[in-house]
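Overview (structure and organization)
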Amino acid sequence: MVEGVSYTADEMMTVTAARHLRDGQVCFVGIGLPSEAANLARLTHAPNVVLIYESGTIGTTPDVLPLSIGDGELAETADMVVSVPEVFSYWLQAGRIDVGFLSAAQIDRFGNLNTTVIGRYDQPDVRLPGAGGAPEIASSAREVIVMLRHRRRAFVPEVDFVTSVGFGRRGEGRGGHRGAGPTVVITDLGVLQPDPQTHMLRLVAIHPGVDVEQARAETGWELEVADDLGVTEPPTSEELAVLRDLKARTEAAHSA
Amino acid sequence: MAEFTTLREAVADLVPDGVSVAMEGFTHLIPFAAGHEVIRQEKKDLTLIRMTPDVIYDQLIGMGCARKLVFSWGGNPGVGSLHRFRDAVENGYPRPLELEEHSHAGMATRYAAGASGLPFGILRGYKGSDLVQHTTVAQIECPFTGEEVAAVPALNPDVTIIHAQQADRSGNVGLWGITGVQREAALAATTVIVTVEEIVDELDRNGPNHVMLPHWTVTAIAPVPGGSHPSYSLGYSKRDNRFYTEWDRISRDPDLFRRWVEAYILDQEDFGGYLRMVQDSAALEEVLGG
């Protein structure tokens, strides 16, 4: 879309998230987009990033992306494998995780995440999978990177259910949780960060070719835009090649 | 001392209607054969306990075996929804399903407390989450530092069922790879049933992190080779990711689901029959086509 290198909005999102991981960081990874981004980082600028999946696989270096959190690939390429109670207590709760990656069905303007229900809890319109590891990742990881596609039904003024806490229903803050919470929200349209004072998410960067009005239209609250709004660097040909190769290997492995 | 038996007898003798059952295995070593046997024996009013209900509980819930579900994440990993679970929660079909839901860390803490013989466990968590209004959790103060922590009640299933790679002839259980929460779930339970890939003279001791349940903690052992399909048993089988993807289509429609269960579970003598059938990819289209 820019200067002849063509890429999709999802690829832009994954590449942006991968760039947020620094080499050597310890990262708690979920399945899907976060797993894609974390492994892209590992295969490009951050070869020493330590990936931990909640199945207890620590320091895993999968050759293909896992479909589930506990594919054999993750165990066989790990430095070590611990039990599930151990991964949540000794590793996550104790504060040994630098970055947690999360996604959600809904996010509100204060970075609270919903993966439980759409509608009322007792009579849901849509029953979502639930909490999984997310609440404790949100509270105990030093910082949280949120990844989700920018759509109005997902970016809501108030989530139907707070599964994982960002800055609280009224933006009151972290409520004593040890981690810093969601420091960045990466979407397929741009990048949002919480305002240091109000904790409200605001647009700090836009992806190339995306209009600010488009981001506003896909956000369910009055989206504030940073004065010094940036434009994301488009994916490099190396980033795209590594990502596409990883996804092709994965596709082939899972349909075998 | 563990008793060697068949899966059919173990389920008939040790899983009466109305009990609480934990079939654990975190993606790896999910005891699918046992789930199928429970369906085949038409068990009712069970309280099903499992961190990730997965396809195994989608099958049990869809067949109306469960009254209540205790869990922390109810999706089809990497694929999407568990449609039979959703249908039960959203529409009460085929029967209403009571939920007791926690986070993974909460469930793991509850099992560990149960295995330790403690009344409750503690963790940092839940504060600010709406889960607090809908589940069994209380904030308590540390008597030494004053820090507020979450207390969750111990989880002690009547029956825990797991699948492992091996048992030796004394009934010691060898299990390795992703070990999940199986040791805690087993030690927290009154009755423990273990299905195994094989019974061996001596357990392999070269795995990366062998977990062993000693024979005196196990009630019954039944050999079921391949008994974790479509999950897997490290060293014996690979996860059938294609099956998990196909399950989305099978479970979405209650009639297709019913047809699938009849052909693959109810019409089969045992899990061996199911395994032969899943190897025949043409059979699926035949069954779903009606």
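Rules used throughout
Residues numbered from 1 in each chain as written. Chains lettered and ligands numbered in written order. Predicted model: local features only at pLDDT ≥ 70, side-chain atom pairs only at ≥ 80, totals over all residues. Heavy atoms only, no water. Buried < 20%, exposed > 50% of the residue type's maximum accessible area, 1.4 Å probe, protein only. Helix = DSSP H or I, 4+ residues; strand = E, 2+ residues; numbered from the N terminus. Contact = heavy atoms within 4.5 Å. Pairing = 2+ DSSP bridges. Phe/Tyr/Trp six-rings, centres within 6.5 Å; stacked < 30°, edge-to-face > 60°. Lys NZ or Arg CZ within 6 Å of the ring centre and 35° of its normal. Salt bridge = Lys/Arg side-chain N within 4 Å of Asp/Glu carboxyl O. Polar contact = N/O pair within 3.5 Å; in protein donor to acceptor, adjacent residues only side chain to side chain. Nonpolar A, V, L, I, M, F, W, Y, C, P; charged D, E, K, R; others polar. Axes fitted to C-alpha atoms, helices over the stretch in contact; angles between N-to-C directions. pLDDT = per-residue confidence, 0-100.

On to helix H4 (residues 84-93) of chain A. Taken together, the buried positions of H4(A) are Val84(A), Pro85(A), Val87(A), Phe88(A) and Leu92(A). As for H4(A), its buried residues are in contact with strand E1 (26-29), strand E2 (50-53) and helix H5 (134-140) of chain A together with helix H5 (104-116) and helix H6 (182-188) of chain B. Positive backbone phi, at 90 degrees, marks Gly95(A), one or two positions downstream of H4(A).

All names here are of chain B. Of all ten residues in strand E13 (residues 191-200), eight are buried; the element is thus mostly enclosed. In terms of strand pairing, strand E11 (residues 159-168) meets E13 through nine bridges, oriented parallel. Counted as the bridge partner of Ala167 is Ile199 from E13. As defined by bridge partners, E13 adjoins strand E15 (residues 220-223) across four bridges and the pair is classed as parallel. Bridging across to E15, Val194 finds its partner in Ile221.

The description of an aromatic ring pair uses the distance of the two centres, along with the angle that the planes make with each other. Residue and element names in this part refer to chain B. All told, the structure shown has twelve aromatic pairs over all chains when counted by the stated rule. On the numbers, 5.6 Å between centres and 70 degrees between planes, the contact of Phe71 with Phe85 is edge-to-face. With Phe71 in strand E4 (residues 66-71) and Phe85 in helix H4 (residues 83-91), the pair connects residues that are 14 residues apart, well separated along the chain. A relative accessible area of 0% means that Phe71 is categorised as buried. Ring geometry for Trp247 and Phe257: centres 6.0 Å apart, planes at 85 degrees, overall edge-to-face. Placement of the pair is Trp247 in helix H7 (residues 241-252) and Phe257 in helix H8 (residues 254-266), with a sequence separation of ten residues. Phe257 shares its class with Trp247; the two are buried. Members of the aromatic cluster, connected to one another through ring pairs, are Phe243, Trp247, Phe257, Trp260, Tyr264, Phe271 and Tyr274. Positioned above the aromatic ring of Tyr244, the side-chain terminus of Arg239 is 3.7 Å from the ring centre.

In this section: the interface of chain A and chain B. Tallying the contact residues gives 46 residues for chain A and 47 residues for chain B. With a shortest N-O distance of 3.9 Å, Arg178(A) and Glu147(B) are connected by a salt bridge. Between the two partners, chain A and chain B, sit 21 residue pairs in polar contact (both at pLDDT 80 or more). Those elements that place two or more of their residues in the side of chain A that touches chain B are helix H3 (72-76), H4, strand E9 (124-127), H5 and helix H7 (237-255) of chain A. Taken together, the residues of the side of chain A that touches chain B break down into 20 nonpolar, 17 polar and nine charged.

All names here are of chain B. Assignment of secondary structure puts Ala113 in helix H5. Take Ala113: its relative accessible area is 2%, and that puts it in the buried class. As a C-alpha pair, Ala113 and Ala22 span 91 residues in sequence and 15 Å in three-dimensional space. In this view, Ala113 contacts Leu118, Phe120, Gly121 and Ala154; residues no more than four positions away in its chain are not counted.

A separate point is the environment of Arg151(A). Residues and elements named next belong to chain A. Locating Arg151 in the fold gives a position in the loop between strand E10 (143-147) and strand E11 (182-186). Each C-alpha atom, one on Arg151 and one on Ala253, is 31 Å from the other, the two residues being 102 residues apart in sequence. Setting aside its immediate chain neighbours within four residues, Arg151 contacts Asp188 and Glu218.

This part covers the pattern of salt bridges. Oppositely charged side chains are able to pair whenever their charged atoms sit close together. Residue and element names in this part refer to chain B. With the rule as written, the count across this model stands at 31 salt bridges over all chains. Among the ionic pairs, Arg258 bridges to Glu262, the shortest N-O distance being 3.3 Å. Remark: Glu262 and Arg258 occur in helix H8; sequence separation between them is four residues, near one turn of the helix. Note on Arg258: relative accessible area 40%, which makes it partly exposed.

Turning our attention to the sheet that holds strand E9 (residues 138-141) of chain B. Sheets are built from strands that pair by backbone hydrogen bonding, the pairs being arranged parallel or antiparallel. Residue and element names in this part refer to chain B. Pairing is antiparallel across the open sheet formed by three strands, whose spatial order is E8-E10-E9. Edge positions in the sheet fall to strand E8 (120-123) and E9, since each has one partner strand and no second. Across the sheet, the axes of successive neighbouring strands diverge by a mean angle of 40 degrees, strand direction being ignored. Bridge count for E9 against strand E10 (residues 148-153) is four bridges, and the pairing is antiparallel. Paired with Ile140 across the strands is Val149, a residue of E10. Where H5 meets the sheet, it contacts E8 and E10, and its direction lies at approximately 140 degrees from that of E8.

This paragraph deals with helix H2 (residues 33-43) of chain A. In an α-helix, one full turn covers 3.6 residues, which means residues spaced three or four apart are oriented alike. The element H2(A) is extensively covered by neighbouring structure, given that ten of its eleven residues are classed as buried. Elements in contact with the buried residues of H2(A): helix H1 (9-19), E1, E2, strand E5 (99-102), E10 and H7 of chain A.

This brings us to unusual backbone geometry. When glycine is set aside, most residues are seen to have a negative phi, and most peptide bonds are trans. With omega at 0 degrees, the peptide bond leading from Tyr93(B) into Pro94(B) counts as cis. Of note, Pro94(B) is situated in the loop between H4 and strand E7 (98-101). Cis geometry marks the peptide bond from His229(B) to Pro230(B), where omega comes out at 5 degrees. Inspection of the secondary structure puts Pro230(B) in the loop between E15 and H7. We note that His199(A) has phi near 65 degrees; this positive angle belongs to a residue other than glycine. Take His199(A): its relative accessible area is 18%, and that puts it in the buried class. Located in the positive-phi region is Thr27(B), a residue other than glycine, with phi close to 70 degrees. Relative to the assigned elements, Thr27(B) resides in the loop between strand E2 (20-23) and helix H2 (32-40). According to the relative accessible area criterion, Thr27(B) is buried, its value standing at 4%.

Here we take up the confidence of the model for chain B. Averaged over all residues, the pLDDT of chain B is 95; the fraction at 70 or higher stands at 98%. Across the interfaces of the predicted complex, the ipTM metric reaches 0.95, alongside a pTM of 0.96.

Another aspect to go through is the sheet that holds E2(A). All names here are of chain A. Strand order in this open sheet of ten strands is E4-E3-E2-E1-E5-E10-E11-E12-E13-E14, and the pairing throughout is mixed. Edge strands, defined here as strands with exactly one partner in the open sheet, are strand E4 (80-81) and strand E14 (224-231). Sheet analysis places E1 next to E5, joined by two bridges and oriented parallel. Its bridge partner lying in E5, Phe28 is registered against Gly100.

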